Amino acid sequence: MPQPPPRRKPATELEAKISAGDVSAVGELVDLLDEPLHRHLVIEFPSLLDESDREEVIASFIADLIEDPKKYKVDLASIEHFAKVCTKRKAIDMLRKKDTQRQYELGPGASAILRLAQDDTDTDLDIPVVMERAKVAIETFDPKYKAALVALWQFGTDGYKQALINQFGITGETAATWLTRARSMLAEALGSTIRLDP
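Read on for an overview of the structure.

Comments concerning the overall build of the protein
Point 1. Scanning the protein from terminus to terminus reveals eight helices and zero strands.
Point 2. When the helices and strands of the protein are placed in sequence order, the string is α-α-α-α-α-α-α-α.
Point 3. Taking all 198 residues of the protein together, the buried fraction comes to 39%.
Point 4. For the protein, contacts bridging at least 24 residues in sequence account for 67% of all contacts bridging at least 6.

What to know about the pattern of salt bridges
Point 1. Per the stated rule, a full pass over the model turns up five salt bridges.
Point 2. The closest approach of N and O atoms between Lys 17 and Glu 13, which form a salt bridge, is 3.9 Å. Remark: Glu 13 and Lys 17 occur in helix H1 (residues 13-19); sequence separation between them is four residues, near one turn of the helix.
Point 3. The exposure class of Glu 13 is exposed, given its relative accessible area of 61%.
Point 4. Between Glu 35 and Arg 39 there is a salt bridge; the shortest N-O distance is 3.0 Å. Here Arg 39 and Glu 35 lie together in helix H2 (residues 26-44), a separation of four residues that amounts to about one turn.

Observations concerning helix H3 (residues 51-67)
Point 1. When the terminal C-alpha atoms of H3 are compared, their 24 Å separation across 17 residues agrees well with the 24 Å that a helix rising 1.5 Å per residue should span.
Point 2. By the burial criterion, the buried members of H3 are Asp 53, Arg 54, Val 57, Ile 58, Phe 61, Ile 62 and Leu 65.

Things to note about the side chain of Arg 54
Point 1. The residue Arg 54 is located in helix H3 in this model.
Point 2. At 4.8 Å, Glu 51 is the nearest oppositely charged side chain to Arg 54, a buried residue that forms no salt bridge.
Point 3. Among the polar contacts listed, one links the side chain of Arg 54 to the side chain of His 38, at a separation of 3.3 Å.
Point 4. Filtering out sequence-adjacent residues up to four positions away, Arg 54 remains in contact with His 38, Leu 41, Val 42 and Leu 49.

Comments concerning the nonpolar core
Point 1. Core analysis: the largest hydrophobic core is formed by 23 residues, its most contacted members being Leu 29, Leu 33, Phe 61, Leu 65 and Ile 79.
Point 2. When residues of this core are traced back to their parent elements, those giving at least two are H1, H2, H3 and helix H4 (79-106).
Point 3. Apart from residues lying up to four places away in sequence, Leu 29 is in contact with Leu 14, Ile 18, Ile 62, Leu 65 and Ile 79.
Point 4. Counting residues in hydrophobic clusters, the runner-up holds 20 residues, among them Ala 137, Ile 138, Phe 141 and Ala 163.

Topic: the side chain of Thr 87
Point 1. Positionally, Thr 87 belongs in helix H4.
Point 2. Within the local environment of Thr 87, its side chain forms a polar contact with the backbone oxygen of Lys 84, the two atoms lying 3.2 Å apart.
Point 3. When sequence neighbours within four positions are dropped, the list of residues in contact with Thr 87 reads Leu 37, His 40, Leu 41, Val 57, Ile 58 and Phe 61.

Topic: the packing of aromatic side chains
Two numbers describe a pair of aromatic rings. These are the distance of the centres and the angle of the planes.
Point 1. Under the counting rule described, the total for this entry stands at three aromatic pairs.
Point 2. Judged by centre distance (5.1 Å) and plane angle (80°), the rings of Phe 168 and Trp 178 are edge-to-face. Taken together, the positions of Phe 168 in helix H7 (residues 143-168) and Trp 178 in helix H8 (residues 172-190) put the pair 10 residues apart, joining distant regions of the chain.
Point 3. On the basis of relative accessibility, which here comes to 37%, the residue Phe 168 falls in the partly exposed class.
Point 4. Exposure remark for Trp 178: the relative accessible area of 12% places this residue in the buried category.

Quick look at the environment of Ala 175
Point 1. By the element assignment, Ala 175 lies in helix H8.
Point 2. With relative accessibility at 0%, the residue Ala 175 sits in the buried group.
Point 3. Here the alpha-carbon distance between Ala 175 and Ala 148, two residues 27 residues apart in the chain, equals 7.2 Å.

Description of H7
Point 1. Look at H7: only 11 Å from first C-alpha to last across 26 residues, short of the 38 Å you get at 1.5 Å a residue.
Point 2. Where H7 bends most, at Gly 156, the angle is about 125°.
Point 3. Within the sequence span of H7, burial applies to Tyr 145, Lys 146, Ala 147, Ala 148, Leu 149, Val 150, Ala 151, Leu 152, Gly 159, Tyr 160, Ala 163 and Leu 164.
Point 4. Where H7 begins, the side chain of Asp 142 points an oxygen toward the backbone nitrogen of Lys 144, at a separation of 2.9 Å.
Point 5. Phi turns positive, to about 65°, at Gly 169, one or two residues after H7.

Cut-offs used in this document
- Residues numbered from 1 in each chain as written.
- Predicted model: local features only at pLDDT ≥ 70, side-chain atom pairs only at ≥ 80, totals over all residues.
- Heavy atoms only, no water.
- Helix = DSSP H or I, 4+ residues; strand = E, 2+ residues; numbered from the N terminus.
- Buried < 20%, exposed > 50% of the residue type's maximum accessible area, 1.4 Å probe, protein only.
- Contact = heavy atoms within 4.5 Å.
- Salt bridge = Lys/Arg side-chain N within 4 Å of Asp/Glu carboxyl O.
- Expected span 1.5 Å × (residues − 1).
- Lys, Arg positive; Asp, Glu negative; His and termini not counted.
- Polar contact = N/O pair within 3.5 Å; in protein donor to acceptor, adjacent residues only side chain to side chain.
- Core = buried A, V, L, I, M, F, W, Y, C linked by side-chain atoms within 4.5 Å.
- Phe/Tyr/Trp six-rings, centres within 6.5 Å; stacked < 30°, edge-to-face > 60°.
- Bend = angle between axes of the 7 residues up to and from the residue.

That's the geometry; what it means functionally is another story.
What follows is the structure in structure tokens.
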């Protein structure tokens, strides 16, 4: 019976040390990973992370690895591949945190709409772009359409009509029309990036 191919090339001495919990070669590890990780993050996030962001992400990864080096499994991946996967996740977390901070700056209505866009986004890496585009788009909306999206986000499909009726003294049919128009406007502004159906 043929043997399956090995999962990876033989481990280096440094990789074996790290996997065994030996962090004595931290300097060597930083020298090995710093440049490749910066290049990787530039490729993955060409305009979303500046140099200080990349340095923060890489330093955080190294600190985590020093704290718990056994997270790295030498038989599964090279240290460089492992580092790239981990720093990409950390970068995505950083971007999400920045977007959350921006939402607070925009006020509750815009924050709710951006949250709706984020919830419906298919891929993590598109979230910062989607949210920036949504922010620009909603600032041009008539307040009633913005309110309709906020009501949908806050109260769902079962409660948004009553919320709009209470707030504006309109009919349920008018509330539905506002939401339909708001969805159409947001979909047009964002292309096919998000799903706007509940």
